[in-house]
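Summary of the model geometry
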Amino acid sequence: MPTQKLDAIRVFLIPRFSYLMQNSSPRVEDLAEFDRAIKFAVKKICRIPLHGGALPYIYSPITKGGLGIPCVTDEYMLYSIVTVYKSLINTDPRMQNFGIERLKRLVQMWSGLDPTPNICGDYLSHRTPVDLDPMYITKYTYMGNISRYRNAVTNLGKLGLKIDAQFSDTFEISLKVTTLDQKLLNFDKNYKGKIFSCLRNIITENYFVQLTENYPNQGRMMKDVAESKYTNQYVRDGRYINSSSFRFVHRARLNLLPIGGTPMGRHLKIAEKCRRCWKEIETLSHILGQCPSNEGLVTQRHNEVLEQIWESCQKIKRDKNVQILKEPLLKTDYGNFQPDLIKIDEQKKTVVIFDLIISSHIAKAFEIKREKYANLAIFYSNKGYTANVMPIVIGQLGTWTIASEPSLEELGFTSQRQTTVIRKMIFTTLNHSKNIYATHLFLPNIHNLKVIKK
Ligand SMILES: [Zn+2]
């Protein structure tokens, strides 16, 4: 399974390497080479194109839709910062004093000035002290952990993360961190145990911001994917997914499939119009939703997802007054309706109309369904019921929406059952979308086959 391979990289390979480099001084070029090798392996496992696939996708957190692979160079920078920070706030006064005196000695050597708290802060943050003579050439000594700290601050600055060290009069350090989206965070001695994970979170979030802002084509779906933790959970545990869907989903979400209407298709000189219907531009949302030649498969996908909800629905015990019907044909004064599910409570006099839709435009899908069943709701309110329309929306590539969760609660699902149903629905949608795509591309076009008359 490709998810197991990713897991092995994330859980065994990188932490083992990180542990080794904590107490050594490796060359940054070697770490970058290791990162390149990891990147190559991950892209091959996930079938992302080696050239052109967005790098921040690999490093973004899993909850936001990325693959959550740690970047070894960044980890090394963080270890360098955290080691010095911890030595300066050590709870043992003798050890703390040792760290501070060593820093003071280095600062005095560097600037030739008296090591006041301000000058120590300037030294760690790469600033020129105010009192320093402009003609004075600063002196450096051997490569120690404090030099590594200073290099790390410079390198993280290139990622858009500014780390500013400040000392109080009693030489208590606090780190002021400015992130890419100009958030200011302050780490004092209370953060001793948490600083590494906090800084690492900031860096991975940074990659997500980069993906959405610097890669408008590849990152355009990522905000939808980041909305719910369920959408991307299979990357973490490898459950509710199969290998072929896993290999399909990354390219599809990054819009890197070789079809007419994408930058990839233009690069490969594929005709822009749909290869089946020749009516519209061949985008992924056209193939997986609107193309008339895939209509049967799209309906099949809808029915199978609905069947999953219905199956779980039947397992729940309910009052005798509450009735749930699947696809009932309702004849009203406003025309005929056939919603996917309807819940009627005769005692409380309430009616809830549920309808499932698998769409690429999630916000639009809610509006369409509410409009479609508005008249049915009016029909029931005229009869004296309180009627409500609750759409259930899933993205074509298995993106789950938080706005659909109240619908599942209304159907009576407990939170545990909800998790299972949502993850099963995501898998079914993804698997069918992959099949529709493969049929669209690789099977002979049945509409163009000529019938031979005898
Ligand atoms: Zn078409």
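These numbers were taken from a predicted model, which means no experiment stands behind them. (Residues numbered from 1 in each chain as written. Predicted model: local features only at pLDDT ≥ 70, side-chain atom pairs only at ≥ 80, totals over all residues.)

Considering the nonpolar core
Ile81 and Ile353 are the most contacted members of the largest nonpolar core, which has 102 residues in total. Top contributing element to this core by residue count: helix H4 (residues 72-88), with eight residues. Split by domain, the residues of this core number at least three in each of domain 1 (2-211) and domain 2 (296-441). Beyond its immediate sequence surroundings of up to four residues, Ile81 is in contact with Tyr149, Ala152 and Ile163. (Core = buried A, V, L, I, M, F, W, Y, C linked by C-beta atoms within 7 Å. Buried ≥ 20, exposed ≤ 12 C-beta atoms within 10 Å, placed from the backbone. Helix = DSSP H or I, 4+ residues; strand = E, 2+ residues; numbered from the N terminus. Domains from an automatic or database assignment. Contact = placed C-beta atoms within 7 Å.)

Comments concerning the sheet that holds strand S2 (residues 173-178)
Across the sheet, which stays open at both edges, the three strands sit in the order S1-S2-S3 with antiparallel pairing between neighbours. Looking at strand neighbours, the two that pair on one side only are strand S1 (162-167) and strand S3 (184-187), the edges of this open sheet. Recorded for the sheet is a direction-independent mean angle of 20° between the axes of neighbouring strands. (Pairing = 2+ DSSP bridges. Axes fitted to C-alpha atoms, helices over the stretch in contact; angles between N-to-C directions.)

Digging into the domain arrangement of the protein chain
Assigned domains of the protein chain: these are domain 1 (2-211) and domain 2 (296-441). Put simply, the middle of domain 1 and the middle of domain 2, counted by C-alpha atoms, are 48 Å apart.

What about the pairing of strand S9 (residues 386-395)?
Within S9, eight of the 10 residues are buried, which leaves the element mostly enclosed by the surrounding structure. Pairing geometry for strand S8 (residues 350-359) and S9, over 10 bridges, is parallel. Each residue of the ladder has a partner; that of Ser359, found in S9, is Gly395.

Remarks on the packing of helix H1 (residues 2-21) against helix H2 (residues 28-45)
In helix packing, the relevant descriptors are the interaxial angle and the interaxial distance, both defined with respect to the helix axes. It is the contact of H1 with H2, at a shortest axis distance of 10 Å, that shows an interaxial angle of 165°. Compared by their axis directions, H1 and H2 come out roughly antiparallel. Pair H1 / H2 crosses with left-handed handedness. Each of Pro2, Lys5, Leu6, Ile9 and Phe17 in H1 lies in contact with H2, whose residues at this interface are Phe34, Ile38, Ala41, Val42 and Ile45. A breakdown of the residues in the contact of H1 with H2 according to their chemical character gives nine nonpolar, no polar and one charged. (Parallel < 35°, antiparallel > 145°, perpendicular 65-115°, else oblique. Left-handed = near helix turned anticlockwise from the far one by under 90°. Nonpolar A, V, L, I, M, F, W, Y, C, P; charged D, E, K, R; others polar.)

Some details on the sheet that holds S9
Here we have four strands laid out as an open sheet, ordered S4-S7-S8-S9, and mixed in their pairing. Since the sheet does not close on itself, it has two edges, and those belong to strand S4 (322-326) and S9, each with one partner. Averaged over all adjacent pairs, the angle separating strand axes in this sheet is 15°, with direction ignored. Strand contacts of helix H15 (residues 362-372): S8 and S9, with the helix running at about 150° to S9, the strand carrying the most contacts.

So, the packing of helix H14 (residues 295-314) against helix H18 (residues 415-442)
Axis separation between H14 and H18 bottoms out at 10 Å; the angle between their running directions is 165°. The orientation of H14 relative to H18 falls into the category roughly antiparallel. Viewed along their axes, H14 and H18 form a crossing whose handedness is right-handed. Along the contact surface, H14 presents Leu297, Val298, Gln300, Arg301, Glu304, Val305, Gln308, Ile309 and Ser312, while H18 presents Arg417, Val421, Lys424, Met425, Thr428, Thr429, His432, Asn435, Ile436 and Thr439.

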